[in-house]
2 protein chains.
Amino acid sequence: MSLISHFECSRCQTVVPPSSEAPTVCPKCAGTLYVRYDLSAAKGIEARDRIGTTVQDRQWSGMWRYRDVLPTVEPVTLGEGWTPMLPSRRYANVFLKEEGANPTGTFKARGLAMAISMLRSYGIKKVAVPSAGNAGGAVAAYAAAAGIEAHIFMPKDVPLANQVECVAYGAHMTLVDGLISDCARIVGERKASEGWFDLSTLKEPFRVEGKKTMGYELVEQLGWEYPDAVFYPTGGGVGLIGMWKAFEEMEELGWVTGKRPKMIAVQAAGCAPVAKAYDEGADVSVMFQNAATFASGLRVPKPYGDYIILDDVRKSGGTVVARTDEELLVSLRDWAEHEGILLSPEGAASTAAYDHLIGTGFLKPSDRVVLFNTGSGNKYTDVLAQALGLTNGD
Amino acid sequence: MSLISHFECSRCQTVVPPSSEAPTVCPKCAGTLYVRYDLSAAKGIEARDRIGTTVQDRQWSGMWRYRDVLPTVEPVTLGEGWTPMLPSRRYANVFLKEEGANPTGTFKARGLAMAISMLRSYGIKKVAVPSAGNAGGAVAAYAAAAGIEAHIFMPKDVPLANQVECVAYGAHMTLVDGLISDCARIVGERKASEGWFDLSTLKEPFRVEGKKTMGYELVEQLGWEYPDAVFYPTGGGVGLIGMWKAFEEMEELGWVTGKRPKMIAVQAAGCAPVAKAYDEGADVSVMFQNAATFASGLRVPKPYGDYIILDDVRKSGGTVVARTDEELLVSLRDWAEHEGILLSPEGAASTAAYDHLIGTGFLKPSDRVVLFNTGSGNKYTDVLAQALGLTNGD
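From a predicted model like this one, the values you see are computed outputs, not experimental measurements.

## A short note on the interface of chain B and chain A
Then, in step 1: Listed by partner, the interface residues are 55 residues for chain B and 56 residues for chain A.
Then, in step 2: Both faces combined, the contact of chain B with chain A buries some 4500 Å², and carbon together with sulfur accounts for 59% of it.
Then, in step 3: Counting across the interface, chain B meets chain A through zero salt bridges.
Then, in step 4: Here chain B and chain A share four residue pairs in polar contact (both at pLDDT 80 or more) between them.
Then, in step 5: Every element with two or more residues in the side of chain B that touches chain A is listed here: β4 (85-87), α3 (134-146), α4 (160-168), β8 (172-176), α7 (213-221), α11 (325-339) and α13 (381-387) of chain B.

Structural data, given as structure tokens:
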């Protein structure tokens, strides 16, 4: 595994040396810190070809096949990563990256397996997190596995599955009459007095490191080649940021060449702060008013890393797309009926956005694309039952 | 892949040659048919070591890594199989086989990926299945992927997730005021006139072939060695039957040696026909009256393959254990809080049974055991919310 060389601010490039204390944000500008490594041992095609050769070793399977580009740590693993890359049955150049196969049923497992592993190694005993739902469930699971106390703050109307997870895993759950931004405020106000480590999106550097494995994985699963575009449901945007970082690293390592994919950040029309900022040519987003969508994971009215998302999307030649809940539901039903895949509402934002960008001509059917389904439809049973007009048979 | 040599009745050993028609049950005694192969090409350690070498090829990843011991067919795959084998954090010799990582969130995906792949190759256009819930969801998904019409019959009080799946995938769903046995009767009565292929548990030979991959996988994941015992939540029992068949095949192939594991069939006290038959020394079970348990997958009052389950368990030196819903819930909470894993109620029957057999001395803590979690806890959101005393925050 790789030694951390230093941390680097994603905004002002301040360098922070590693210490015995768990890192948070940039001490100068409060920007998100990136982990920087000495990657010399991982350079070259030979190193790349060693990847996954110990896949049958439990500890190093899943996303830990990329341990050579991750921080040195004893993993707290529940089997996260190396999820299926499913070719569409209808569109020759479309692949669905099925993150619902992860522990706790969503992509959140990657970031939190990495973060909780690191926090345990720093001796952290209590964590807190504001969540739109699925991060809360994943924090609760990995904290339980690591023997860390977890405090989860979620909007009171998150899917029932997320509430079941928090209670079952023994986390301290607070349901808040508001959005994730209100939850974040509460964590911010109480963390010092309570002794909580703040696991908020992009306020520590390790969730990005876990999420970046999606970038390594999709390139490896496509035969160590970039696709033409990547569609990513964007609430907090950690995965998009992580994948772009992965592409940079892989090029430095000599593991991949060619044109990077257009990054397509996908939002719900009912909560589209990044789409609005992108359309207006702004560098940061503005708090989105009256955020409402059944894609609960996209209900993030002002992502902390908006400046990074917008920068990565623009550098990639991509775009930001927002679709309505009605369009999401039509696409969700379409993929269930014709592909046999029950998307999460957030995943259906990817598929709806793909249809849209084929329609506008931004992409051509010959473009090779990866659509992220960030979670299993099974985590939205109550939400989907309502959307599909089903009631319990009782 | 392997050519089917013939089908063989599991009860009367009648041999049925392969034909262009999809096989059902034994024409003489209606017993379950087993697929028999010419396995000569797969014999020896050299063949075994080829397993999984094309794991990065999408079509042959997951359970299809064992294609050399499966029927020759173009897979209808959603990414099933090769699920995590998680070492317990508390018990040195306990491994949890996490089947919740499968498509549709349960082990049912393996059997139905195989069966639907084969039925498509036979030209079947319509299938019907009686289900306790999760098989229904998996049939709906794979049928949608294959372009086959699916008719699902389930008890009206199955978990809401199973109903959402059927409706979303576009299956024809009938909720029945009764148990899976009542659903099976309806399918039996109507299948001839409707032109449905009957996908009932063990009434065709291919679901066993998909499920047997759990046997190959657990042996491979333990370094090509048998564990001392395997705990298997047993409703219809296809997986237990399939794993025992896998062990026979692997020994014939020279892929594994040593003492086979004790097979521990696990049931819920509220529906324990196999446990009762086992205790009474009977060869078959009797319809269990007033079957009731929150482990809905175990609510099978008389499994079609009871005679095979009982025979396999006895040959293995195993046993059949039934635990109460209260014991299941205690164990479910225990594994969530201390291992970070949200079991299905059926999976919690495995963990509760393990605690029980350590208590009775039937097994020792030094015995190496594999406990099957047959599905993700996320498929039981409504059931678990009620069991944990949670109501929606609305």
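## Focus: unusual backbone geometry
Then, in step 1: Phi at A30(B) is positive, roughly 65°, even though this residue is not glycine.
Then, in step 2: Its location among the elements puts A30(B) in the loop between β2 (15-16) and β3 (33-37).

## Describing the side chain of T106(A)
Then, in step 1: Following the sequence through the fold, T106(A) ends up in the loop between β5 (94-98) and α2 (108-121).
Then, in step 2: In this structure, T106(A) is in contact with E99(A), N134(A), T374(A), G375(A) and K379(A), ignoring residues within four places of it in sequence.

## Here's the deal with the relation of the copies chain B and chain A
What relates the pair of chain copies is a rotation about an axis plus a shift along that axis.
Then, in step 1: Mapping chain B onto chain A calls for a rotation angle of 180° and an axial translation of 0.0 Å; the resulting RMSD is 0.0 Å. Each copy turns onto its partner about a two-fold axis. No C-alpha of chain B approaches the rotation axis more nearly than that of A101(B), which lies at 2.4 Å.
Then, in step 2: Of the residues that chain B buries at the interface, 100% are likewise interface residues in chain A, meaning the two copies contact each other through the same surface.

## Some points on the domain arrangement of chain A
Residues and elements named next belong to chain A.
Then, in step 1: Along its sequence, chain A is organised into domain 1 (4-69), domain 2 (85-105 + 206-387) and domain 3 (108-198).
Then, in step 2: Taking the mean C-alpha position of each, domain 1 and domain 2 sit 23 Å from one another.
Then, in step 3: With 25 residues of domain 1 in contact, the opposing surface of domain 2 contributes 20 residues.
Then, in step 4: With both chains or domains summed, domain 1 and domain 2 bury close to 2100 Å², and 62% of this area falls on carbon and sulfur atoms.
Then, in step 5: Ranking the residues of domain 1 by area buried against domain 2 places Y34, R48 and Y66 at the top, with a combined share of 30%.
Then, in step 6: Inspection of the region where domain 1 meets domain 2 yields one salt bridge.
Then, in step 7: In this structure, R65 and E220 form a salt bridge, with 2.8 Å as the shortest nitrogen-oxygen distance.

## Digging into the packing of α3(B) against α4(B)
Residue and element names in this part refer to chain B.
Then, in step 1: Contact pair α3 / α4: the axes reach a minimum separation of 8 Å and the direction vectors enclose 20°. Put simply, α3 runs roughly parallel to α4. Crossing geometry of α3 relative to α4 is assigned as left-handed. Side by side, α3 and α4 meet where N134, G136, G137 and A140 of the first sit next to N162, E165 and C166 of the second.
Then, in step 2: Considering only residue class, the contact of α3 with α4 consists of two nonpolar, four polar and one charged.

## Here's the deal with the sheet that holds strand β2 (residues 15-16) of chain A
Residues and elements named next belong to chain A.
Then, in step 1: Taken in spatial order, the three strands of this open sheet run β2-β1-β3, and their pairing is antiparallel. At either end of the open sheet lies a strand with only one pairing partner, and these are β2 and β3 (33-37).
Then, in step 2: Relative to β3, strand β1 (residues 4-9) is paired through five bridges, and the arrangement is antiparallel. Directly across from C9, in β3, lies its bridge partner L33.

## A word on the pattern of salt bridges
All names here are of chain A.
Then, in step 1: Applying the stated criterion to the full structure yields 52 salt bridges over all chains.
Then, in step 2: Linking R299 and D157 is a salt bridge whose minimum nitrogen-to-oxygen distance equals 3.0 Å. Of the two residues, R299 is situated in the loop between α9 (273-279) and α10 (306-316) and D157 in the loop between β7 (149-155) and α4 (160-168); the sequence distance between them amounts to 142 residues.
Then, in step 3: Among the charged side chains, a salt-bridge network with shared partners connects K97, E99, R110 and E217.

## Structural notes on the pairing of strand β8 (residues 172-176) of chain A
Then, in step 1: Sheet topology note: the β7(A)/β8(A) ladder contains five bridges and is parallel. Its bridge partner being in β8(A), P155(A) is matched across the sheet by V176(A).

## Some details on α2(A)
All names here are of chain A.
Then, in step 1: Taking 1.5 Å of rise per residue, 14 residues should cover 20 Å, and α2 covers 20 Å from first to last C-alpha, within 8% of that figure.
Then, in step 2: Taken across its 14 residues, α2 has 12 buried, putting it largely inside the fold.
Then, in step 3: Here α2 has its buried residues at K108, A109, R110, G111, L112, A113, M114, A115, I116, S117, M118 and L119.
Then, in step 4: Positive phi appears at G123, one or two residues downstream of α2, with a value of about 85°.

## Some details on the packing of aromatic side chains
Then, in step 1: Per the stated rule, a full pass over the model turns up 24 aromatic pairs over all chains.
Then, in step 2: The interplanar angle of 80° and the centroid separation of 6.1 Å between the aromatic rings of F7(B) and F206(B) together place this pair among those described as edge-to-face. In this pair, F7(B) is assigned in strand β1 (residues 4-9) and F206(B) in helix α6 (residues 206-211), connecting sequence segments 199 residues apart.
Then, in step 3: Note on F206(B): relative accessible area 0%, which makes it buried.
Then, in step 4: Ring plane angle 80° and centroid distance 5.9 Å describe the contact between W224(B) and W255(B), whose orientation is recorded as edge-to-face. Within this pair, whereas W224(B) is found in the loop between α7 and β10 (229-233), its partner W255(B) is found in the loop between α8 (238-253) and β11 (262-268), the two being separated by 31 residues in sequence.
Then, in step 5: Note on W255(B): relative accessible area 1%, which makes it buried.
Then, in step 6: These aromatic residues form a ring-pair network of at least three members: Y66(A), Y216(A), W224(A) and W255(A).
Then, in step 7: Across the ring face of W335(A), the terminal group of R90(A) is positioned such that the distance to the ring centre comes to 5.7 Å.

Rules of the game
- Residues numbered from 1 in each chain as written.
- Chains lettered and ligands numbered in written order.
- Predicted model: local features only at pLDDT ≥ 70, side-chain atom pairs only at ≥ 80, totals over all residues.
- Heavy atoms only, no water.
- Contact = heavy atoms within 4.5 Å.
- Buried area = accessible area lost by both parts, 1.4 Å probe.
- Salt bridge = Lys/Arg side-chain N within 4 Å of Asp/Glu carboxyl O.
- Polar contact = N/O pair within 3.5 Å; in protein donor to acceptor, adjacent residues only side chain to side chain.
- Helix = DSSP H or I, 4+ residues; strand = E, 2+ residues; numbered from the N terminus.
- Least-squares fit on C-alpha atoms with pLDDT ≥ 70 in both.
- Domains from an automatic or database assignment.
- Axes fitted to C-alpha atoms, helices over the stretch in contact; angles between N-to-C directions.
- Parallel < 35°, antiparallel > 145°, perpendicular 65-115°, else oblique.
- Left-handed = near helix turned anticlockwise from the far one by under 90°.
- Nonpolar A, V, L, I, M, F, W, Y, C, P; charged D, E, K, R; others polar.
- Pairing = 2+ DSSP bridges.
- Expected span 1.5 Å × (residues − 1).
- Buried < 20%, exposed > 50% of the residue type's maximum accessible area, 1.4 Å probe, protein only.
- Phe/Tyr/Trp six-rings, centres within 6.5 Å; stacked < 30°, edge-to-face > 60°.
- Lys NZ or Arg CZ within 6 Å of the ring centre and 35° of its normal.

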